[in-house]
Amino acid sequence: MSVERSEILVTGETKNVALIFAEADKLLEGKPVSRAWRNDVLVCIDEAFSNIIQHGYLYAPEGKIRVTMTLYRDYFRIIFQDTAAAYKEPRKKPAPGRAVLNRKTPGLGWHIMRQLMDKVAYQRIGESNCLVLTKNIEAEDRHDSEDKRPE
Amino acid sequence: MILRTKDLSDIRAVYLEGRLDIHRSLEVEADLDRMIADGVTRMVIDLNDLEFLSSSGLRVFLGLLKKLRTQNGRLALCRIPAEVRKVIRISELEDLFDIHEEMDSAVISIRG
């Protein structure tokens, strides 16, 4: 598998998550990765994009977000760059159950990204935010044999 | 994202199909809120055709659960695909929801 890259610049409108999904789908089309692996990637794209819109740009639709996706032989990397306010990256795992129901513990999106990705790295560089998500492609991710839905 | 409904006597069955992402979550939340405003207090959500769920979608279900509880209502989720169940599990929310393998058992649970 050779290195393939895709870059897209979108504004901070929720509907634009579909444009990023489309780029990811295009880049991963025909690649020997499982549906579960792809699903993890798409969920994390949604989490990262949501965080930027909600907590960075505070829903200001004109905010710009650059998304660069690179497919290497053994891993997939997604870089989100924006000029929103710096994020507060929660370090603690959110409390489960009832506390989440009462919205007492933010950070569910970060928690999900850390669980589904192999590496989540955030950096504030000058006036920009840079979030790098990396997901390895393990041997078991390279086929679809375990992709079964409940009947 | 497609949302279909079916009334099973006193219970509203809601079928979600597609990707419940940040954008679609806002639309689905508005649809579910309208149902509550129309007097629906018992709901089963069938997720069999849901492709994925992120925290945006999870918060829709959490918000719905909270709203229904304040009206002495009930919510159950059923037929959850493995990928969607994985997100619920890693969020440690499985115990919060009334989860069933089939629509029938979800309906019985809500009526019980």
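Structure shown above.
Quantities reported herein were computed from a predicted structural model and do not represent experimental measurements.

A. Representation of the overall build of chain A. Secondary structure assignment for chain A yields four helices and five strands. Reading chain A from its N end, one meets helices and strands in the order β-α-α-β-β-α-α-β-β. For chain A, the residues scored as buried account for 32% of the 151 residues in total. If you take every contact in chain A between residues at least 6 apart in sequence, the share linking residues at least 24 apart comes to 66%.

B. Representation of the sheet that holds strand E4 (residues 119–125) of chain A in the model. Residues and elements named next belong to chain A. With antiparallel pairing, the five strands of this open sheet are ordered in space as E1-E2-E3-E5-E4. In this open sheet, the two strands that pair with only one neighbour each are strand E1 (4–11) and E4. Direction aside, the axes of adjacent strands within the sheet are offset by 15 degrees on average. Two strands pair when backbone bridges link them, and strand E2 (residues 64–71) and strand E3 (residues 75–82) are joined in this way by seven bridges, in the antiparallel orientation. Paired with Arg-66 across the strands is Gln-81, a residue of E3.

C. Fine view of the sheet that holds strand E1 (residues 2–8) of chain B. Residue and element names in this part refer to chain B. Taken in spatial order, the five strands line up as E1-E2-E3-E4-E5 in an open sheet, and their pairing is mixed. At either margin of the open sheet sits one strand with a lone partner, and together these are E1 and strand E5 (98–100). In this sheet, neighbouring strand axes are inclined to one another by 25 degrees on average, regardless of whether the strands run parallel or antiparallel. Two strands pair when backbone bridges link them, and strand E2 (residues 11–20) and strand E3 (residues 42–53) are joined in this way by eight bridges, in the parallel orientation. Bridge pairing links Glu-17 to Asp-49 in E3. Packed on one face of the sheet, helix H1 (residues 22–37) meets E1 and E2 and runs near 170 degrees to E2.

D. View of the interface of chain A and chain B. With 23 residues of chain A at the interface, the matching set in chain B holds 24 residues. If you list the elements that add at least two residues to the side of chain A that touches chain B, you get helix H1 (17–28), helix H2 (35–56), helix H3 (98–101) and helix H4 (108–116) of chain A. Residue contributions to the side of chain A that touches chain B peak at eight residues, all from H2(A). Looking at the side of chain A that touches chain B residue by residue, the classes come out as 12 nonpolar, seven polar and four charged.

E. Quick peek at the pairing of E2(A). Residues and elements named next belong to chain A. In the sheet, E1 pairs with E2 via eight bridges, with the strands oriented antiparallel. Directly across from Ser-6, in E2, lies its bridge partner Met-69. Linkage of E2 to E3, two consecutive antiparallel strands, is achieved through a turn of three residues.

F. Structural context of H4(A). Among the nine residues in H4(A), seven count as buried, and that is most of the element. For H4(A), every residue scored as buried is listed here: Leu108(A), Gly109(A), Trp110(A), His111(A), Ile112(A), Met113(A) and Leu116(A).

G. Fine view of the packing of H2(A) against H4(A). All names here are of chain A. Closest axis-to-axis distance for the H2/H4 pair is 9 Å, and the angle between their directions is 150 degrees. Taken together, H2 and H4 sit at an angle that is classed as roughly antiparallel. Crossing angle aside, the handedness with which H2 passes H4 is left-handed. Contact residues: Asp-40, Val-43, Cys-44, Glu-47, Ala-48, Ser-50 and Asn-51 in H2; Gly-109, Ile-112, Met-113 and Leu-116 in H4. Tallied by class, the residues present in the contact of H2 with H4 amount to six nonpolar, three polar and two charged.

H. Representation of H1(A). All names here are of chain A. With 12 residues, H1 extends 16 Å between its outermost C-alpha atoms, agreeing within 8% with the 16 Å of an ideal straight helix rising 1.5 Å per residue. Listed as buried for H1 are Val-17, Ile-20 and Ala-24. The buried residues of H1 occupy an angular sector of 65 degrees when projected down its axis, which confines them to one face. Structural note: H1 exposes Ala-22, Asp-25 and Lys-26 on the side pointing more than 90 degrees away from its buried face.

Conventions we followed
Starting from 1, residues in each chain are numbered consecutively following that chain's sequence as written. Just so you know, chain letters begin at A and ligand numbers begin at 1, following the order they were written in. Thresholds applied to this predicted model are a pLDDT of at least 70 for local features of residues and 80 or more for the giving and counting of side-chain atom pairs; totals over whole chains, interfaces and linings are not thresholded and use all residues. Only DSSP runs of H or I reaching four residues or more are called helices, and only runs of E reaching two or more are called strands; each is numbered from the N terminus. Using C-beta atoms placed from the backbone, we call a residue buried if 20 or more other C-beta atoms fall within 10 Å of its own, exposed if 12 or fewer do, and partly exposed for counts in between. Note on contacts: each residue gets a C-beta atom placed from the backbone, and two residues are in contact if those atoms are within 7 Å. What makes two strands pair is DSSP finding at least two bridges between them. For every element, the axis is a line fit to its C-alpha atoms; helices are fit only across the contacting stretch, and the angle between N-to-C directions ranges from 0 to 180 degrees. Put simply, Ala, Val, Leu, Ile, Met, Phe, Trp, Tyr, Cys and Pro go in the nonpolar bin, Asp, Glu, Lys and Arg in the charged bin, and everything else, Gly too, in the polar bin. Any angle from 65 to 115 degrees is called roughly perpendicular, while one under 35 is roughly parallel, one over 145 is roughly antiparallel, and all others are oblique. Less than a right angle of anticlockwise turn of the near helix away from the far helix marks a crossing as left-handed, whereas a clockwise turn marks it as right-handed. By definition here, a helix of n residues has an expected span of 1.5 Å times n minus one. By definition, the arc is the one covered by directions from the helix axis to the C-beta atoms.

None of this, on its own, says anything about what the molecule does.
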